[in-house]
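# Survey of secondary and tertiary structure
Residue strings, one per chain:
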Amino acid sequence: MTEMVNEQNEKDVYVRAYTAMVLSRTFDKKIVTAQRQGRIGFYTPSIGQEATQVGFSMALDQKDIIFQYYRDVALMIHRGVPIEVILDQIMGNEEDESKGRQMPSHYTAKKYNFMSVQSPVATNLPLAVGAAYALRYQKKDTVVVATFGDGSTSTPDFHAAMNLAAVFNLPVVFLCENNGWAISLPTDKQTKVEISEKAAAYGMKGIKVDGNNFIETYRAAMDAVERARTGKGPTLIDAISFRMGAHSTSDDPSKYRSESVEEGSEKDPITVAEDQLKSLGYLNDSLIAKIKEESVKIVNDKFDIQEKIPPPEPKTMFDDVYAEKNWIIKEEEDDIL
Amino acid sequence: MNMVQALNSTLDHVMSKDSSVILLGEDIGKDGGVFRVTEGLQGKYGEERVIDTPLVELGIVGMSVGMSLMGVKAIPEIQFQDFIYTAFDQIINQMAKMRYRSGGGFTLPMVLRTPYGGGIKGGLYHSQSGEAYFAHTAGLVVVTPSNPYDAKGLLLSSVESPDPVIFLEPKRLYRAAKVEVPDEDFRVRIGEAAKPMEGDDITVVTYGSMVPTVLNTMKKNSVNADVIDLRTLLPMDVNAIISSVKKTGRVVIVHEAPRTLGMGAEISALISERAIEYLYAPILRVTGPDIPFPYRLEDYYMPNETRIMKAVNRVMEFR
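Right, let's walk through the structure included here. (Residues numbered from 1 in each chain as written. Chains lettered and ligands numbered in written order. Predicted model: local features only at pLDDT ≥ 70, side-chain atom pairs only at ≥ 80, totals over all residues. Heavy atoms only, no water.)

## Concerning the nonpolar core
Which entries qualify depends on this criterion: Remark: nonpolar core denotes a set of buried residues (Ala, Val, Leu, Ile, Met, Phe, Trp, Tyr, Cys) joined through side-chain atoms within 4.5 Å. Each residue's exposure class comes from its accessible area (1.4 Å probe, protein chains only) as a fraction of the maximum for that residue type: buried when under 20%, exposed when over 50%, partly exposed otherwise. Helix numbers and strand numbers start at the N terminus; a helix is a DSSP run of H or I with at least 4 residues, a strand a run of E with at least 2. It only takes one pair of heavy atoms within 4.5 Å for two residues to be counted as in contact.
Ranked by size, the top nonpolar core spans 124 residues in total, and within it A:F67, A:F174, B:M67, B:L69, B:I91, B:M95 and B:I271 carry the most contacts. Here this core takes 10 residues from helix 5 (residues 124-137) of chain A, the largest share from any one element. Excluding anything up to four places from it in sequence, A:F174 contacts A:L125, A:V129, A:A146, A:F148, A:A161, A:M162, A:A165, A:M204, A:P234, A:T235, A:L236 and A:I237.

If you want it as structure tokens, here you go:
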């Protein structure tokens, strides 16, 4: 195993990771509540996947490129994407990078090397493969990551991307954030074999890891990222976690699911992280309480500020279809506005 | 040179000028592509820049999108347009929408080349004309040359386009005609139609594989026609169509793709909206029928002189 961090830094790195997990959880709870209040249209929470996302993020460089899916708020927060940027997208306001064009949870954060999220699942995977090819061609020391859920592994895009990445031996890490569910379907109705085992069929390394444990996920990610960075090719990580809530705010899991995970239970990845960090002596109850309190204040304050930002001007909806508007779009713009 | 030679030498030229250009597709390397458009290029530029990919259209398009996002100019080839449908999601949901959904942050200057259309005894999976699917999608540019000169000029413009281009090559015309193609760079502007024949009596709007058929028919039957070769299907040159219709007052539209909701329907609607008061006769369409493409009977499928003249005569004789 690669030396992860030196001991002096380890406390800072781990506490920072924990703080990102808490901030993400606080954010998710706030947005789900706001959706119930009619202040937000839709949301796909990351609740239950914080350790997977943060543990993975810890292994990456800032220059690495992420083709993320729609459930990666903890990953974004840990990578330094400001809460405001995430809120602007969810609200679709005039400061949203995509100008209010996509439904909530479809983020773009170019400055932070997050690409642009699409709704059809797994179609980001072939893009990640192409990006990795281009970056290697340009002799850049950059790793490309694609994240997706377990449902994505059933798609042709998944198989195409895995095969291409392996054939071309590309610096890609595929992170399956396996939370056990693809909307209403459990993983065992999605696939007959372990997802990590699929890697062997393509000739790449597959790693199954406890995605509720951020340190274990971090180690697995370090291994995969190093393989990518040193020319040893792609890796598929199957990070097993537990979707604690609904697929989205439009979903009612009580229709298809009997068991649930309570916040603060021993299956909650944040509780797992607290136990780990307490036993390492990096956290105590008062520090935990302080981090949680600060998270609530940050999220509430930023939500109230961003909520006041108006929607984009109607005329902006005709921008960016092409580099320049063609006559068709110009005419339709004149007609409608 | 013929169209294959024009495309080949243009790709060669573009690659020699710009090291960020990468070609990818099935059998495009040693084999030079099944139509030989990329012949010799892998030998010259290496396997890293002329990539023989595994057999997966959605992967070829998806990879090209990812490459282009990173500043590589990807020029993928789909062996036959008929095989593009497994990559349809990548084209419609990724390629066409990247600029829009990222608020202009991410752009995709890529050119997706593919041969299309019938006339080569290819049966129903090697003969389809799917241009309407692409021309219905905001975010794409769709072009189709009808001769070697335009093939070079349009390809150079497409490579320079800041937007993703679907470059449809009428395979029936790949080796149909040899014309003079200048060595030096020249551009055929995207969005600009050509008028290979001028006349006052009738406007015939066509493009791609049907252009030579229409021109031969008009010449042979001494029709005094204004023939418009669209060259770009999205965005099409509406001014060229309307100004011609205002002159002639009579219109026939000819394309190989099926009629229902094809390009002809759009052209006809544009004329109705803008120039109905100039029309002396209904607008007629001569197209492929709304059936899958038949192998042994392809000569009956594709618009020919007889069918074109039948429509022209109906329009000319309408009172």
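Still to come is the rest of the account.
## Some remarks on unusual backbone geometry
A cis amide bond, omega -5°, links B:L234 with the succeeding residue B:P235. Phi is positive for A:K139, close to 60°, though the residue is something other than glycine. Position of A:K139 relative to the elements: it lies in the loop between helix 5 and strand 4 (144-149).

## Structural notes on the packing of helix 5 of chain A against helix 6 (residues 156-167) of chain A
All names here are of chain A. So the rule is basically this: An axis is simply a line fitted to the C-alpha atoms; with a helix, the fit covers only the stretch in contact. Between two such axes, the angle follows the N-to-C directions and lies from 0 to 180 degrees. By definition in this entry, angles of less than 35 degrees are roughly parallel, angles greater than 145 are roughly antiparallel, angles of 65 to 115 are roughly perpendicular, and the rest are oblique. Note: crossing handedness is left-handed where the near helix turns anticlockwise from the far helix by less than a right angle, and right-handed where it turns clockwise.
Between helix 5 and helix 6, whose axes approach to 8 Å, the crossing angle comes to 15°. When the interaxial angle is binned, helix 5 and helix 6 end up roughly parallel. Once helix 5 is placed against helix 6, the crossing between them reads as left-handed. Listed contacts from helix 6 to L125, P126 and V129 of helix 5 are D157, F158, A161, L164 and A165.

## Re the packing of aromatic side chains
Put simply, the rule is: Classification of ring pairs uses Phe, Tyr and Trp, with its six-membered ring standing for Trp, and accepts pairs whose centres are within 6.5 Å; under 30 degrees between planes counts as stacked, over 60 as edge-to-face, and the remaining range as tilted. Charges are assigned to positions over rings by a cutoff of 6 Å between ring centre and Lys NZ or Arg CZ, combined with an angular limit of 35 degrees from the ring normal.
Overall, the coordinates contain 16 aromatic pairs over all chains when judged by the stated rule. With a centroid separation of 6.3 Å and 65° between ring planes, the pair formed by A:F27 and A:Y43 is classed as edge-to-face. Placement of A:F27 in helix 1 (residues 7-36) and of A:Y43 in the loop between helix 1 and helix 2 (50-57) is noted, with a sequence separation of 16 residues between them. A relative accessible area of 0% places A:F27 in the buried class. An aromatic cluster is present here, built from B:F35, B:F80, B:F83 and B:Y174 joined pairwise through their rings. Sitting over the ring of A:Y133, A:R136 keeps its end group 5.7 Å from the ring centre.

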